[in-house]
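Structural characterization, general
Here is what each chain is made of, one letter per residue.
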Amino acid sequence: IFDTVTTITFEKSKIIIPPDFITRKFDQRVEPLMKAILLGLEQSTTLAQIRDSLLPKLMRGEIEV
């Protein structure tokens, strides 16, 4: 069971802000991964559109495999 989150919860919280060189290094490592994820999402969307346009034609016998 969680307590209610209030502004006091955040006031009591401490955060650590890393030095710039660490955030730059993180960005360098994460950026290719994020680009790959985005590309995968775009490809998935394209494939879903192709599937949605071909499936009805297959079901009606307009095209054969």
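Look up a bit, the structure's there.
About the criteria used
Residues numbered from 1 in each chain as written. Predicted model: local features only at pLDDT ≥ 70, side-chain atom pairs only at ≥ 80, totals over all residues. Heavy atoms only, no water. Helix = DSSP H or I, 4+ residues; strand = E, 2+ residues; numbered from the N terminus. Rg over C-alpha atoms; globule rule 2.2 N^0.38 Å. Buried < 20%, exposed > 50% of the residue type's maximum accessible area, 1.4 Å probe, protein only. Lys, Arg positive; Asp, Glu negative; His and termini not counted. Charge placed at Lys NZ, Arg CZ, Asp CG, Glu CD. Patch = residues over 30% accessible without salt bridge, like charges linked within 9 Å, V, L, I, M, F, W, Y side chains within 5 Å. Areas by Shrake-Rupley, 256 points an atom, 1.4 Å probe, with all protein chains shown as cover. Salt bridge = Lys/Arg side-chain N within 4 Å of Asp/Glu carboxyl O. Expected span 1.5 Å × (residues − 1). Bend = angle between axes of the 7 residues up to and from the residue.

1. Quick notes on the overall build of the protein chain
In terms of regular secondary structure, the protein chain is built from 2 helices and 0 strands. For 65 residues, the compact-globule estimate of 2.2 N^0.38 gives 11 Å, and the C-alpha radius of gyration of the protein chain, at 24 Å, exceeds that figure by more than 25%. Taken over the C-alpha atoms alone, the protein chain extends approximately 65 × 35 × 15 Å along its principal axes. Residues classed as buried in the protein chain amount to 0% of the 65 residues present. Here the protein chain holds 9 positive side-chain charges and 9 negative ones, and the gap between their average locations is 6 Å.

2. Regarding a nonpolar patch on the surface
Where nonpolar side chains cluster on the molecular surface, the patch consists of L47, I50, L54, L55, L58, M59, I63 and V65 and spans about 810 Å² of accessible area. For L55, a relative accessible area of 45% translates into the label partly exposed.

3. Regarding the pattern of salt bridges
Within the structure shown, the criterion is met by 3 salt bridges. With its nearest N and O atoms 2.9 Å apart, the salt bridge here joins R51 to D52. R60 is paired through a salt bridge with E62; the nearest N and O atoms lie 2.6 Å apart. According to the relative accessible area criterion, R60 is exposed, its value standing at 53%. Residue classification places E62 among the partly exposed positions, given a relative accessible area of 48%.

4. Observations concerning helix α2 (residues 20-60)
When the terminal C-alpha atoms of α2 are compared, their 60 Å separation across 41 residues agrees well with the 60 Å that a helix rising 1.5 Å per residue should span. Where α2 bends most, at V30, the angle is about 35°, and the proline P32 comes one to four residues later. One or two positions beyond α2, positive phi appears at G61, with a value near 80°.

Scope: geometric values only; no functional claims are made or implied.
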